[in-house]
Amino acid sequence: MASETKRPVAVVVGVGAGLGAALARRFAAEYRVVLMARSEEYLTKLASEISSEGGQAFPVPLNVADAGEIARAFEKVRRDIGAPEALLYNAAMRPFGRLMETKPSTFENTWRVTTFGAFLCAQEVVPDMLKNGTGVILFTGATAGVKPFPTSAAFGPAKFAMRGLAQVMARDLQPQGIHVAYVNVDGAIDMPAIRKMAPSLKEEDLLKPSAIAETYWHLAHQDRSAWSHEIDVRPFKEKF
């Protein structure tokens, strides 16, 4: 384990009770982890739990739909904690609706949270990564970014755009030492909201957040002679 004073900084954007929390806990084993999401109360609670387990976590409340908030949040991180060496972008909106059921405001807000926020956060961390010649940026994708359902009129285009952003960044930044990857989470994640929405699902039908987090950890530490860009994770019984 890295010493307390020399641990690199990882920023997890979109920290909720599912994958976001699992990513924060996993990366806290070796990193000083910055937790970003809208709920300050939840972030503070999770940071306290991680600290009690021997990790270092710093809550930074953030609305990723607000460009000004993103700039201020990352300025605070660089000033108070250090330049991020890893960015895990996990923020997203997941509205359900077909084309004529989707409000223009819903379409735009889904894009802002899922794609525009990812673009802005990447712009905040890349300059220091380029200066240091190293870094990792991982995006949480979804089935909708590859094969959207008819009811993904807002979510599908947003994830497709995020996937395109990840590809552009990989072609641009990987030759300069920054590893960029898009993780297609192909299935439902085991978390309270999913259990409530679909109580008939069994444990084996769902992706465990801690298991997905292990894939992110592996991606973040791949040897540069064999980097992955796109990777799928899904339950063993999921059809694709």
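Structural data are supplied above this passage.
For clarity, every value in this text was computed on a predicted model and none was experimentally measured.

## Quick look at the packing of aromatic side chains
A full pass over the atoms with the stated rule returns 5 aromatic pairs. When the centroid spacing of 5.5 Å and the interplanar angle of 50° are considered together, the rings of Phe27 and Tyr31 count as tilted. No difference in accessibility class separates Phe27 from Tyr31, as the two residues are buried. Their ring planes at 65° and their centres at 5.1 Å tell us that Phe27 and Trp217 sit as a pair that is edge-to-face. Residue Phe27 is located in helix α1 (residues 19–27), and its partner Trp217 is located in helix α7 (residues 209–220); the two are separated by 190 residues in the primary sequence.

## Let's talk about the environment of Leu46
Within the secondary structure, Leu46 sits in helix α2 (residues 40–52). Judged by relative accessible area, Leu46 falls into the buried class, the value being 2%. Sequence separation between Leu46 and Val15 is 31 residues; the distance between their C-alpha atoms is 9.3 Å.

## Structural notes on the pattern of salt bridges
Close approach of charged atoms lets side chains of opposite charge pair. In the structure shown here, the tally under the stated rule is 16 salt bridges. Across the salt bridge formed by Arg25 and Glu49, the nearest N and O atoms sit 2.6 Å from each other. Of the two residues, Arg25 sits in helix α1 while Glu49 sits in helix α2, which places them 24 residues apart along the sequence. Relative accessible area serves as the criterion here: at 34%, Arg25 is assigned to the partly exposed category. Judged by its relative accessible area of 25%, Glu49 falls in the partly exposed class. In this structure, a network of salt bridges that share partners links the residues Arg25, Lys45, Glu49 and Glu53.

## Some thoughts on the side chain of Thr114
Here Thr114 shows up in helix α4 (residues 104–132). A distance of 2.8 Å separates a polar side-chain atom of Thr114 from the backbone oxygen of Thr110. If we ignore the near neighbours within four places in the chain, the residues touching Thr114 are Tyr89, Ala91, Ala92, Met93, Ala158, Lys159 and Met162.

## Details of the environment of Val233
Positionally, Val233 belongs in strand β7 (residues 230–233). Between the C-alpha atoms of Val233 and Ala211, which are 22 residues apart in sequence, the distance is 9.2 Å. Not counting the four nearest positions on each side in its chain, Val233 is found in contact with Val183, Asn184, Val185, Asp186, Leu207, Ile212 and Thr215.

Rules used in this analysis
Residues numbered from 1 in each chain as written. Predicted model: local features only at pLDDT ≥ 70, side-chain atom pairs only at ≥ 80, totals over all residues. Heavy atoms only, no water. Phe/Tyr/Trp six-rings, centres within 6.5 Å; stacked < 30°, edge-to-face > 60°. Buried < 20%, exposed > 50% of the residue type's maximum accessible area, 1.4 Å probe, protein only. Helix = DSSP H or I, 4+ residues; strand = E, 2+ residues; numbered from the N terminus. Salt bridge = Lys/Arg side-chain N within 4 Å of Asp/Glu carboxyl O. Polar contact = N/O pair within 3.5 Å; in protein donor to acceptor, adjacent residues only side chain to side chain. Contact = heavy atoms within 4.5 Å.

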